[in-house]
Amino acid sequence: QVQLVESGGGLVQAGGSLRLSCAASGRTFSNYAMGWFRQAPGKEREFVAAITWTSTNYADSVKGRFTISRDNAKNTASLQMNSLKPEDTAVYYCAASRTFYTNSKTYEYDYWGQGTQVTVSS
């Protein structure tokens, strides 16, 4: 089992920045690919970014604005979000996958956090 806890969400104006963190406990963190997804009201959960050790993958909508990273020594994954837009408003979820690849599908992930709200005002 892997337990994931997100933090860092909040309210920010368009053009601003936020940094989300995901703290992992349980199994060996470095054995898992990590991903970030988001879900806006009335919409399906969508892929944002994923990371293995050195490989990353991003949704087209966030490329150049968001950066995913991980610190295996601290069992954390992070998502730096810059140039935020109102359409980035959603609940953001951290996820861990036993399939060590930069997975972009929700079914490829085995463990999920509870989510953290990000609201971008115009």
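Quick look at the structure, then. In this text, all values refer to a predicted model and were calculated from it rather than measured experimentally.

Thresholds, definitions, all that
- Residues numbered from 1 in each chain as written.
- Predicted model: local features only at pLDDT ≥ 70, side-chain atom pairs only at ≥ 80, totals over all residues.
- Heavy atoms only, no water.
- Disulfide = S-S within 2.5 Å.
- Helix = DSSP H or I, 4+ residues; strand = E, 2+ residues; numbered from the N terminus.
- Buried < 20%, exposed > 50% of the residue type's maximum accessible area, 1.4 Å probe, protein only.
- Pairing = 2+ DSSP bridges.
- Axes fitted to C-alpha atoms, helices over the stretch in contact; angles between N-to-C directions.

## Some thoughts on the state of the cysteines
Logical step 1: A full pass over the atoms with the stated rule returns one disulfide.
Logical step 2: Here Cys 22 pairs with Cys 94 through a disulfide, and the sulfurs are 2.0 Å apart. On the sign convention where negative means left-handed, the S-S torsion of about -75° between Cys 22 and Cys 94 marks this disulfide as left-handed. A residue pair is termed long-range when its members are at least 10 positions apart, and Cys 22 in strand β3 (residues 18-26) and Cys 94 in strand β9 (residues 90-97) qualify at 72 residues. Residue Cys 22 shares its accessibility class with Cys 94, and that shared class is buried.

## With respect to the sheet that holds strand β1 (residues 2-7)
Logical step 1: The four strands lie next to each other as β1-β3-β8-β7, forming an open sheet whose pairing is antiparallel. Edge positions in the open sheet fall to β1 and β7 (66-71), since each of these has one partner strand only. On average, each strand axis in the sheet is inclined to that of its neighbour by 15°, with strand direction left out of account.
Logical step 2: Relative to strand β8 (residues 76-81), β3 runs antiparallel, the two sharing six bridges. Among the inter-strand pairings, Leu 18 is bridged to a residue of β8, identified as Met 81.

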